[in-house]
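Chain by chain, the residues:
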Amino acid sequence: MIEVTKLNEEKLMINSDLVETIEETPDTVLTFSSGRKLIVKESRQEVRNLVILYKRECNVGLQKL
């Protein structure tokens, strides 16, 4: 899960595995596998970096096996 900020400053956690596309139009629009769309304050690159950091955290324990 990663934390993003809606345009009204509300923070929420999203399941990054369900994000299908990230577009900048110029607002950043996340489209989920369900078809739902969410506009967030973070840039496309920021969301990408958050997902990468989250995936690294999840896989740290697996590297030691």
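Please refer to the structure higher up on the page.
Nothing here was measured: the structure is a model prediction, and the numbers come from that model.

1. Some remarks on the side chain of S16
Alright, step 1. Looking at where S16 falls in the secondary structure, it is placed in the loop between β2 (11–14) and β3 (19–24).
Alright, step 2. Residue S16 is classed as buried on the basis of its relative accessible area, which comes to 8%.
Alright, step 3. The residues contacting S16, other than those within four sequence positions of it, are I2, V51, Y54 and K55.

2. Quick notes on the nonpolar core
Alright, step 1. In this structure, I2, V4, L12, I14, V19, L30, F32, L38, V40 and V47 together form the largest nonpolar core, which totals ten residues.
Alright, step 2. Mapped by element, the contributors of at least two residues to this core are β1 (2–5), β2, β4 (28–32) and β5 (37–40).
Alright, step 3. Discounting chain neighbours no more than four positions away, the residues touching V4 are E10, K11, L12, I14, L38, V40 and E42.

3. A word on the sheet that holds β3
Alright, step 1. Spatially, the three strands line up as an open sheet ordered β3-β4-β5, and their pairing is antiparallel. The outermost strands of the open sheet, each flanked by one partner alone, are β3 and β5. Direction aside, the axes of adjacent strands within the sheet are offset by 20 degrees on average.
Alright, step 2. Two elements, β3 and β4, share five bridges in a ladder whose sense is antiparallel. Along β4, the bridge assignment pairs E23 with V29.

4. Re the pairing of β4
Alright, step 1. In terms of burial, β4 is largely enclosed, as five of its five residues are buried.
Alright, step 2. What you see with β4 is no split at all: T28, L30 and F32 on one side and V29 and T31 on the other are buried throughout.
Alright, step 3. Hairpin remark: β3 followed by β4, antiparallel, with three residues in the connecting loop.
Alright, step 4. Where β4 and β5 come together, four bridges link them in antiparallel fashion. Each bridged residue has a counterpart across the sheet, and for V29 the counterpart in β5 is I39.
Alright, step 5. Count of turn residues in the β4/β5 antiparallel hairpin: four residues, of which G35 carries a positive phi of about 100 degrees.

The rules we used
Residues numbered from 1 in each chain as written. Predicted model: local features only at pLDDT ≥ 70, side-chain atom pairs only at ≥ 80, totals over all residues. Heavy atoms only, no water. Helix = DSSP H or I, 4+ residues; strand = E, 2+ residues; numbered from the N terminus. Buried < 20%, exposed > 50% of the residue type's maximum accessible area, 1.4 Å probe, protein only. Contact = heavy atoms within 4.5 Å. Core = buried A, V, L, I, M, F, W, Y, C linked by side-chain atoms within 4.5 Å. Pairing = 2+ DSSP bridges. Axes fitted to C-alpha atoms, helices over the stretch in contact; angles between N-to-C directions.

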